[in-house]
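Below are the chains, spelled out letter by letter.
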Amino acid sequence: MNQSLSKKSKIITRLLDRLSIDKQESDQAYFMCLMYLGEHITKLYASTLIAGLEIDKDRHKYRSEHFLVRADGIGDWSKTINDLVTGRTSQFLNSSLFDIQRLLVQKKGQESWEKLCLEKINSGLLLVEKKADQLPSKVPLKYWFELFTRLRNSTRGHGAPSGETCSKISLLLAESLQLLIDNGIIFELDWASVRKNLSGKFDVRVFSEGETNFDFLKNSREEWQPYIQNGEGVYVCINGNYFKANLLFADLSVIDFYLPNGGYSSTKFELISYITGQKKYVDNSKYASTPSSLPLSESSSKPKLDVIGNCFTNLPAHEGLYIKRDVLENELRSIITDDRHPVVTLVGKGGIGKTTTALHVLPDICNENRFDIIIWFSARDIDLKSEGIKPVKPDVLTTKDLAKMYSKLIQPDKANEKGFNSLEFMQKELGKSSNGRVLFVMDNFETVANPSDVYNWLNTFIRLPNKLLITSRFREFKADYPIEVKGMDRQEFDLLVQRVANELDIENILTGSYLDELFDESQGHPYIVKILLGEVHKEGRTGKIKRILASRDEVLTALFERTFNALSPVAKRVFLTLANWRSTIPSVAIESVLMRKENEKMDVEAGIDELNRYSLITIIKSPADNSLFLSLPLAAFEFGHRKLNSSPMKVAVETDTLMLHRFGVGRNTETVFGLDRKIQNFFRSLAKIPDIKTKISSYKAIIEYICRKHPKYWLSLSDFYQELILFPDAISAARNYVESYTSNDPDLKGWNRLHDLYRYTMDYQGQVNSLVEIAISETSSNEEQIACAGKVLSLFTEKKFKIDTDEKKVLIGKLVGVVEQTVKKEKINEPDTMSTLAWLNLQLDNKIKAKSWTQKGLEIDKSHYHSIKLANILKIKPPK
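Let me sum up the structure you'll find in this document. (Residues numbered from 1 in each chain as written. Predicted model: local features only at pLDDT ≥ 70, side-chain atom pairs only at ≥ 80, totals over all residues. Heavy atoms only, no water.)

Here's the deal with the pairing of strand β18 (residues 467–472)
Among the six residues that make up β18, six are buried, leaving the element largely enclosed by the rest of the structure. Side chains of β18 alternate between two faces, with K467, L469 and T471 and L468, I470 and S472 buried alike. Pairing of strand β13 (residues 343–347) with β18 involves five bridges; the strand directions are parallel. Bridging across to β18, V344 finds its partner in L469. Alignment of strand β17 (residues 438–443) against β18, held across four bridges, turns out to be parallel. What sits directly across from L439, in β18, is K467. (Buried < 20%, exposed > 50% of the residue type's maximum accessible area, 1.4 Å probe, protein only. Helix = DSSP H or I, 4+ residues; strand = E, 2+ residues; numbered from the N terminus. Pairing = 2+ DSSP bridges.)

The following block contains the structure:
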């Protein structure tokens, strides 16, 4: 094939490099590689098109990805492409992909490259498939993927064509692929692997040489909307817009690319690289939920307008428990009905009562004469129920959804006319409605597909007397009049507790001291209150809780002075450190900072235990990872902060506090996320220090203390060292992770991490050692064992590794032994696996076993290329 592809992405040129090598090796290898190339291109087109699907409430993007990670055949990918460009899903393609869509769906005649491309592959198909027909005079390029699927299934998949036939097919397929690569749009697009370093800068690794559309992002700390929405991964730039390709994966050095290859199980699915033939397995939790339609939310709007008072409206009914919040309701009612402030926001935490408050105020407003229509749009995707979080189907997610729903409700006269544009119609209605004064309500605004774009659109066109009310957890959309929804006051809280306790029949369990603590701990958050009362109902008791609220110095002195004086010096030091910063701090952070070499030697754990026994601190165990977090009750904090001002420990405490700042500020409610966030904050903070590479020794004791207490963070430390280009330290940290697990690491993260580092540093001995350890692990799957054997064999084949010592012979012998045992036990009958074992035994000079495995491979598939090659080397007569 033509290799003058300097402008093409490595995503295709790397596979063409393999094709060139395989062509020189043999006709059979060349034919197989052409098939791999066809599969690679098919999956790449599907992945690109799916990346360009816009998010919609029926989850077509998720449905397509959900289907393909489970697909075991290339035919499923071909069918998906057809659906993406001409089927029901095609209506959700972003306009940036219309050129790609047009390329695939336009029917081209005899003089076009598209027709020639199709004729070449169809001619190859005619050689092996009797039912194949000549192409019509005009046919769309999308038909190529169906033809390739049929060709692949008739040869590599289910057929056994002769060598001569394969050679003829190779010539035709190569010409067809060359036309597709030379003219296919996706191969000239800019691709990049994008993630954020711990320093907050973007790490951008592009797939092609020269200038790209991703260059502006390199080393930048600026907000980038696609990343904010989608996170790290592979991105593609199409007509100036950026899309994340969720089904495409790249390795660290962007020289190997992986695509889904079926093998879906209860925990993972398989990826394959057509460049190297290697496989990976990734967690499937992202695609575990069903793609079927979800139930509507509790706050889903009614499908038609009803009359309430003086208004037409589609407000949902809300019949659940609600406690009146007079101050909040009066403020909201006043601002909505005034003739100022066209955009009003209700801002607050999830479950704080934004939606329920709005739904109890708006019916009252319907009875006034301020608005003629009130339209309710809900973007809610989860309902917060007392029994937990339930996913639901949002009514709207995009501006198109808003406009379509509004037009359906209003039913303008021109709605059924050809060319009616609902988006333009709603834009005009936002400014001046044809049906009087309108209040547009956008509930759960943070869950729309692109909040910034949707907000800018609404804010641009809204005009008085029309108004817009937004409920949102985010504070970015402050609008003309933001109303912050905080926790309930005590009276509202008490009424809520009374109603819930009556429903749960727990009034006799609740004590006054517990209710004081509950109010303080929840800060009047209604959803948290309901959850906590539900726990009381479940456990049948409140437990021992000691919380005190105080605001006067004399009260603080009376409560804490005597206890403080009785504390040991180390307990005082811990107490004053906590009192210097109003935050919930990981216990391990306090321990590591106070025990660093700059401080006097002290038993911080004993001090923490002493404070806990005196009930001066709160210890919270995270449900995520059982890590411990420390905080002071408000009264204790105020006492300690005042005490610190006159303490000789003040300078040392302030120095320790500056170090603790690197873990980030925290609240009690954030402990549900565990220790991970705090440790990552610490690493990010260190990454931002100028010349951190030369200063890392100052923080080494803190980092390593944390890692010894929580061994999983050795891997985070390994990542950190790698970013500093300290590969020996990165490898050492990964080794410490492996050594910290006396039992088998259940997911083999340590050994896989070491293998990646050894591969990056070209330590071939290290690669083999890690691969053998992965294979012999009790937690290693059959697929992983066989994959490890294949990778080791690749190192032999590439002459990167030789068995030149008895130690190496024993090492490879372990690998061969465990794979042979698995093959026999699981009755695996794959010729590739048989040939791999044969080659490895040949490397061990065990020709008897090599012959045995070769013969087994030929018995399964007498045309298997590698088995035939082995038979020639071992002088085995192939079966007839």
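And the narrative resumes.
Observations concerning the sheet that holds strand β7 (residues 249–250)
Overall, antiparallel pairing links the four strands, which are arranged β7-β8-β9-β10 in an open sheet. Of all strands in the sheet, those with a lone pairing partner are β7 and β10 (279–283), marking the two edges. Sheet topology note: the β7/strand β8 (residues 257–260) ladder contains two bridges and is antiparallel. Bridged to F249 within β8 is Y258.

Here we look at the environment of N612
When you line up the elements, N612 lands in helix α21 (residues 604–613). If near-sequence neighbours (up to four positions away) are discounted, N612 is found in contact with I617 and I619. (Contact = heavy atoms within 4.5 Å.)

Section: the sheet that holds strand β22 (residues 628–631)
Read from one edge of the open sheet, three strands run β20-β22-β21, paired in antiparallel fashion. In the strand order of this sheet, the two ends are held by β20 (585–586) and β21 (618–621), each with one partner. Relative to β22, β20 is paired through two bridges, and the arrangement is antiparallel. Bridge pairing in β22 links I585 to L630.

Here we look at the packing of aromatic side chains
Considering all chains together, one arrives at 29 aromatic pairs under this definition. On the numbers, 6.1 Å between centres and 85° between planes, the contact of Y45 with F187 is edge-to-face. Of this pair, Y45 sits in helix α2 (residues 27–51) while F187 sits in the loop between α8 (163–183) and β3 (190–196); the two residues are 142 residues apart in sequence, bridging distant segments of the chain. For F187, a relative accessible area of 0% gives the class buried. One aromatic cluster is present, built from ring pairs that chain together F202, F214, F216, W224, Y227, Y235 and Y242. (Phe/Tyr/Trp six-rings, centres within 6.5 Å; stacked < 30°, edge-to-face > 60°.)

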